[in-house]
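Listed below are the residues making up each chain.
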Amino acid sequence: MPKIAIVEGDGIGHEVIPVARKVLELIHPDYEYYNVDVGYHRWEEIGCPCADRDIAVLKEADAILFGAVTTPPMKNYQSVILRIRKELDLYANLRPVKANGFDIMIVRENTEGLYSGIEEIGPDRATTLRVVTRKGTERIARLAIQLAKARKSLTVGHKANVLKSDVFFRDICLAEAKAAGIICNEKFIDALALDILQHPESYDVVVTTNIFGDILSDVASYLVGGLGLLPSENIGDRFALFEPVHGSAPDIAGKNIANPIAAIRSAAMLLSYLGDVVGAERIEHAIQQVVTKGVKTRDLGGTAGTREFGAAVANAINLTKG
Ligand code: NAD
Ligand code: IPM
Ligand code: MN
């Protein structure tokens, strides 16, 4: 049976992940679940946010359900989620944004670009090296092309008018698309960020570099009602991690008001990845049913708490049993 690692992380991760886990356990009591405790709170407690042993234990899972971790803007702090993405070589971050009238899949390169980690801060100057490799670009382009083949179109978002590293990224994406026999549109990322809000129906698969994909997905969450709704999948050739697009939201943590939909949808993506597409559909259907009945968290204009919303979704899933 599949082994699922559960990482709550920090902040609202402690509220939304228990809800998503409950949903998974309802549909798959047969899976094996185990907790892995990493995050900024571990750094505060013991000076180590994520140990080598934690990485090893995460690698034992068939899939990881991850909440969010706090990554403070400090000189000497290494983000736990970035470390995990790199160590597990989760090179693709798939961030679906869909509602009536549009179905967008943001494909974010997840291990290089401005997140190379090659940087230094001096007294008068700080630098970060933007690394775009052929290997890194070919594999993300191929994955985006594979997705686009089963869908409608492919767009590469870049800033090749300014960044030579993006001329490189864009050219490889276009060449890979040509070799695969599909059309690849291109757009400057700044213009794309506005256009995706004005004409979301014009977009399908959007492939882009690390930081642009990060920003674009937060921007695009506006189309569906905010960050509380967007799930994501981090995949590589061997491992897979599923997490909301949002962070640890310290401003609302501990208040039972966070929207758990992004986390629950991440659990649904995890099920699809493990081959249970029907289970994933049951989850999405239950979310729709509950929201349609008017049970919503505060960010969507409702009054339901995180736990109450979770209980309503669990109830809807139970009703569809058998
Ligand atoms: P954030 O995504 O945590 O929050 C941005 C805004 O959206 C906040 O006002 C928050 O209350 C709201 N929000 C987020 N999720 C919500 C939900 N489920 N329901 C309702 N409202 C929600 O981003 P931030 O405030 O810029 O970052 C907070 C911390 O999280 C930082 O330390 C950041 O580095 C970290 N972060 C981690 C991840 C991750 O672990 N993958 C992702 C993003 C940010
Ligand atoms: C995300 C977050 C992370 C990122 C941060 C917290 C390191 O913003 O998962 O979207 O930049 O990837
Ligand atoms: Mn982000």
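Residues numbered from 1 in each chain as written. Chains lettered and ligands numbered in written order. Predicted model: local features only at pLDDT ≥ 70, side-chain atom pairs only at ≥ 80, totals over all residues. Heavy atoms only, no water.

## Topic: the nonpolar core
Among the nonpolar cores identified, the biggest contains 76 residues, and Leu65, Val107, Leu154, Val207, Ile264 and Ile283 are the most heavily contacted of them. When residues of this core are assigned to domains, at least three map to each of domain 1 (1-89 + 237-322) and domain 2 (91-235). Dropping the residues within four chain positions of it, Val107 is found in contact with Asn93, Leu94, Ile140, Leu143, Ala144, Leu147, Val205, Val206, Val207 and Thr208. One finds Ala5, Val7, Ile84 and Phe239 within the second-largest nonpolar core, a separate group that totals 22 residues. (Core = buried A, V, L, I, M, F, W, Y, C linked by side-chain atoms within 4.5 Å. Buried < 20%, exposed > 50% of the residue type's maximum accessible area, 1.4 Å probe, protein only. Domains from an automatic or database assignment. Contact = heavy atoms within 4.5 Å.)

## What to know about the site of ligand 2
Near ligand 2 the following residues occur: Thr71, Ser79, Leu82, Arg85, Arg95, Arg108, Tyr115, Asp214 and Val245. Residue Arg95 places a side-chain N or O atom 2.9 Å away from an oxygen atom belonging to ligand 2. The contact in question runs from an oxygen atom of ligand 2 to an N or O atom on the side chain of Asp214, over 2.9 Å. In the complex, the protein chains occlude 76% of the 320 Å² of accessible area that ligand 2 would expose alone. Of the residues in the shell around ligand 2, the class split is three nonpolar, two polar and four charged. When residues are assigned to domains, the shell around ligand 2 turns out to be shared by domain 1 (1-89 + 237-322) and domain 2 (91-235), each giving three or more. (Near = heavy atom within 4 Å. Polar contact = N/O pair within 3.5 Å; in protein donor to acceptor, adjacent residues only side chain to side chain. Areas by Shrake-Rupley, 256 points an atom, 1.4 Å probe, with all protein chains shown as cover. Nonpolar A, V, L, I, M, F, W, Y, C, P; charged D, E, K, R; others polar.)

## So, the pattern of salt bridges
The full count for this structure, using the stated rule, is 19 salt bridges. With its nearest N and O atoms 3.8 Å apart, the salt bridge here joins Arg42 to Asp37. Judged by its relative accessible area of 40%, Asp37 falls in the partly exposed class. (Salt bridge = Lys/Arg side-chain N within 4 Å of Asp/Glu carboxyl O.)

## Thoughts on the site of ligand 1
Of all residues adjacent to ligand 1, which total 20 residues, the nearest are Thr71, Gly247, Ala249, Asp251 and Asn259. The side chain of His246 places a nitrogen or oxygen atom 3.4 Å from a nitrogen atom of ligand 1. At 2.7 Å, a backbone N or O of Gly247 approaches an oxygen atom of ligand 1. Protein chains shield 69% of the accessible area of ligand 1, which is 810 Å² for the free molecule. In terms of residue class, the shell around ligand 1 is built from nine nonpolar, seven polar and four charged.

## Here we look at the pairing of strand S8 (residues 154-158)
Of all the five residues making up S8, five are buried; the element is thus mostly covered by neighbouring parts of the structure. Neither face of S8 is exposed, since Leu154, Val156 and His158 on one face and Thr155 and Gly157 on the opposite face are all buried. (Helix = DSSP H or I, 4+ residues; strand = E, 2+ residues; numbered from the N terminus.)

## Quick word on the domain arrangement of the protein
Here the protein is partitioned into domain 1 (1-89 + 237-322) and domain 2 (91-235). A separation of 23 Å is found between the C-alpha centroids of domain 1 and domain 2. If you look at the interface, domain 1 gives 23 residues, while domain 2 gives 25 residues. Of the roughly 2000 Å² buried where domain 1 meets domain 2, counting both sides, 55% is carbon and sulfur surface. For the domain 1 face of the interface with domain 2, the top three residues by lost area are Arg85, Val245 and Met269, together amounting to 32%. Counting across the domain 1 and domain 2 interface gives one salt bridge. Summed over the shared surface of domain 1 and domain 2, the number is 12 residue pairs in polar contact (both at pLDDT 80 or more). At the level of secondary structure, the elements contributing two or more residues to the side of domain 1 that touches domain 2 comprise helix H4 (80-87), strand S12 (240-244) and helix H9 (261-273). The dominant element in the side of domain 1 that touches domain 2, judged by the number of residues it contributes, is H9, at six residues. Grouping the amino acids of the side of domain 1 that touches domain 2 by side-chain chemistry returns 12 nonpolar, three polar and eight charged. (Buried area = accessible area lost by both parts, 1.4 Å probe.)

## A look at H9
Over its 13 residues, H9 extends 18 Å from the first C-alpha to the last, a length consistent with the 18 Å expected when each residue adds 1.5 Å. Counting buried positions along H9 yields 11 of 13 residues, so the element is predominantly enclosed. For H9, the set of buried residues is Ile261, Ala262, Ala263, Ile264, Arg265, Ser266, Ala267, Ala268, Met269, Leu270 and Leu271. At the C-terminal side of H9, Gly275 shows a positive phi close to 100°. (Expected span 1.5 Å × (residues − 1).)

## Notes on the sheet that holds strand S5 (residues 102-109)
Strands sit in the order S2-S1-S3-S12-S11-S4-S5-S10-S8-S9 across an open sheet of 10 strands; the sheet is mixed. A strand with exactly one partner marks an edge of an open sheet, and here the two such strands are strand S2 (32-35) and strand S9 (184-188). The mean inter-strand angle of the sheet, taken between neighbouring strand axes irrespective of direction, is 25°. Sitting on the sheet, helix H6 (residues 164-180) is in contact with S8, S9 and strand S10 (205-208), with an inclination near 170° to S8. (Pairing = 2+ DSSP bridges. Axes fitted to C-alpha atoms, helices over the stretch in contact; angles between N-to-C directions.)

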